[in-house]
2 protein chains.
Amino acid sequence: MTAAANGRADEADAGSRLLAAELTTEIEFLTARARAIGSSRANTLLAPLGLKVRSYAVLSLACSGLNPSQRELADFLSLDPSQIVALVDQLEQRRAVTREQDPRDRRSKGITATDEGVRLHDEARNAIRRAEAESLAPLDTGEREQLRALLRRIAFDAAE
Amino acid sequence: MTAAANGRADEADAGSRLLAAELTTEIEFLTARARAIGSSRANTLLAPLGLKVRSYAVLSLACSGLNPSQRELADFLSLDPSQIVALVDQLEQRRAVTREQDPRDRRSKGITATDEGVRLHDEARNAIRRAEAESLAPLDTGEREQLRALLRRIAFDAAE
DNA sequence: TATTGTTATACTCTATAACTATA
DNA sequence: TATAGTTATAGAGTATAACAATA
């Protein structure tokens, strides 16, 4: 996780007296904790499909119609190219995606989903949405959209 | 983070055409990315102090005046007790914290900061605040407080 | 000479189980 | 019998460097 599995994420005792500590006001800490809770739930619900948040992200981008190269996937997901190789290997072995050599640059391989990959992605997206609904249970609809908008700006405006 | 170091976190090309993908609307993905950016910055700024986000969290709780036991630290930080041992070992070796046996339950050890630990924590907290300011640069003050409040509810209301 | 994908390797982080001392 | 801390170990995740094919 980064988007790694974290099976212990929701074991913390939220009623703990340590909630009074200053640490709980720091965004860095809160973000890490929210991510751990979210990844844990997402990985649990993705497990029956043989996916994790990492492979789901690759599959999702393969289904986007944007035909990303492995290099683009690595840059966009902030993963090393060698990790993308392993993730694409897994998805390719189960016939969810294909590597297609770019005729204009034969070094580059576009990753696209097969019909089976699209089916798998539909199921996985439902799992992700269930996980999201559980993780965001304390927030109402408007607050969820607020959070989404704020996170999106941090995730993609800050890096430039 | 997990709050692990992620040196590649902010290398993604935010101007990428992949921004159009549906994936970028999913909270799970955005949270993981925000955490990676935040942890990366925080770890970079903590490195000169010989700390990471993990050890900083333990030090911070040791400085809270709440005198947490290792078991409480493990529960609250969602870490395995054996990982707490290693983190406290490191901090104890540099004389930043002490283990004190609880006289009412001699199995339990309360972790408290030394004067040196408090000094280290003051420096580290400044580093964390600088990291936070950088990570949240796209947001104004009101939006930062909004985000803090939303994350706090997810981090601590959801787990019950 | 630089870049894409690939392989290999080492390192960190995380999960699990067993042990001890206390309760 | 159960719990706090500890130790040891294996697995997953991550970083780094080197290589072949292509540009």
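Shown above is the structure to which this text applies.
These numbers come from a predicted model, not from an experiment.

The rules behind each value
Residues numbered from 1 in each chain as written. Chains lettered and ligands numbered in written order. Predicted model: local features only at pLDDT ≥ 70, side-chain atom pairs only at ≥ 80, totals over all residues. Heavy atoms only, no water. Least-squares fit on C-alpha atoms with pLDDT ≥ 70 in both. Contact = heavy atoms within 4.5 Å. Axes fitted to C-alpha atoms, helices over the stretch in contact; angles between N-to-C directions. Helix = DSSP H or I, 4+ residues; strand = E, 2+ residues; numbered from the N terminus. Parallel < 35°, antiparallel > 145°, perpendicular 65-115°, else oblique. Left-handed = near helix turned anticlockwise from the far one by under 90°. Nonpolar A, V, L, I, M, F, W, Y, C, P; charged D, E, K, R; others polar. Salt bridge = Lys/Arg side-chain N within 4 Å of Asp/Glu carboxyl O. Polar contact = N/O pair within 3.5 Å; in protein donor to acceptor, adjacent residues only side chain to side chain. Buried < 20%, exposed > 50% of the residue type's maximum accessible area, 1.4 Å probe, protein only. Pairing = 2+ DSSP bridges.

Q: How would you sum up the relation of the copies chain A and chain B? Please name residues and give values.
A: Applying a rotation about an axis and a shift along it to one chain copy brings it onto the other copy. In screw terms, the move from chain A to chain B is a rotation of 180 degrees and a rise of 0.0 Å along the axis, fitting with an RMSD of 0.0 Å. Both copies are brought into coincidence by an operation consistent with a two-fold rotation axis. A share of 99% of interface residues in chain A that are also interface residues in chain B marks the association as one of identical surfaces.

Q: Break down the packing of helix α6 (residues 141-157) of chain A against helix α1 (residues 27-46) of chain B for me, citing the residues and quoting the values.
A: As a packed pair, α6 of chain A and α1 of chain B sit with axes 9 Å apart at the nearest point and diverge in direction by 45 degrees. Between α6 of chain A and α1 of chain B, the interaxial angle falls into the category oblique. Between α6 of chain A and α1 of chain B the crossing geometry is left-handed. Residues R144, L147, R148, L151, R152, I154, A155 and F156 of chain A of α6 of chain A form the contact with α1 of chain B, whose own contacting residues are I27, F29, L30, T31, R33, A34 and I37 of chain B. Broken down by class, the residue content of the contact of α6 of chain A with α1 of chain B amounts to ten nonpolar, one polar and four charged.

Q: Residues and numbers for the interface of chain A and chain B, please.
A: Listed per partner, the contact involves 78 residues of chain A and 79 residues of chain B. Here chain A is connected to chain B by eight salt bridges. With a closest N to O distance of 3.7 Å, E22 of chain A and R129 of chain B form a salt bridge. Summed over the shared surface of chain A and chain B, the result is 26 residue pairs in polar contact (both at pLDDT 80 or more). For the side of chain A that touches chain B, the elements supplying multiple residues, two or more each, are α1 (27-46), α2 (53-62), α3 (70-77), α5 (115-135) and α6 of chain A. Partitioning the side of chain A that touches chain B into residue classes produces 40 nonpolar, 14 polar and 24 charged.

Q: Outline the environment of K109 of chain B, supporting the account with residue identities and numerical values.
A: Residue and element names in this part refer to chain B. Its place among the elements puts K109 in strand β2 (residues 105-113). On the accessibility criterion, K109 (37% relative accessible area) is partly exposed. Note: C-alpha distance between K109 and L73 (36 residues apart in sequence) is 11 Å. K109 has contacts with P68, S69, Q70, R99, E100 and Q101, leaving out every residue within four places of it along the chain.

Q: Which residues make up the pairing of strand β1 (residues 97-102) of chain A, and what are the values?
A: All names here are of chain A. Sheet topology places β1 next to strand β2 (residues 105-113); six bridges connect them, and they run antiparallel. Within β2, the residue paired with E100 across the bridge is G110. Linking β1 back to β2 in an antiparallel pair, the connection comprises two residues.

Q: Explain the environment of S69 of chain A residue by residue, including any values.
A: Residues and elements named next belong to chain A. The residue S69 is located in the loop between α2 and α3 in this model. By relative accessible area, which is 11% here, S69 ends up buried. A C-alpha to C-alpha distance of 5.3 Å links S69 and K109, two positions 40 residues apart in sequence. Excluding anything up to four places from it in sequence, S69 contacts S108, K109 and G110.

Q: An account of α3 of chain A is requested, with residue identities and associated values reported.
A: Burial in α3 of chain A covers these residues: Q70, L73, A74, F76 and L77 of chain A. Looking at the packing, one finds that the buried side of α3 of chain A touches α2, α4 (81-93), β1, β2 and α6 of chain A together with α1 of chain B. Just beyond α3 of chain A, the residue with positive phi is S78 of chain A, at close to 55 degrees.

Q: Any details on the side chain of Q70 of chain A? Residues and values, ideally.
A: Within the secondary structure, Q70 of chain A is located in helix α3. With residues up to four places along the chain from it excluded, the contact list for Q70 of chain A reads I84, V85, V88, R99, K109 and I111 of chain A.

Q: Let's hear about the side chain of S55 of chain A: which residues, and what values?
A: All names here are of chain A. Examined against the element boundaries, S55 turns out to sit in helix α2. Residue S55 is classed as buried on the basis of its relative accessible area of 5%. Setting aside anything within four residues of it in sequence, one finds S55 in contact with L87 and L91.

Q: Any chance you could break down unusual backbone geometry for me, citing the residues and the numbers?
A: All names here are of chain A. Positive phi values are uncommon outside glycine, yet S78 reaches one of about 55 degrees. With respect to the helices and strands, the residue S78 is situated in the loop between α3 and α4. For S78, a relative accessible area of 7% puts it in the buried group. For R95, which is not a glycine, the phi torsion comes out positive at approximately 60 degrees.

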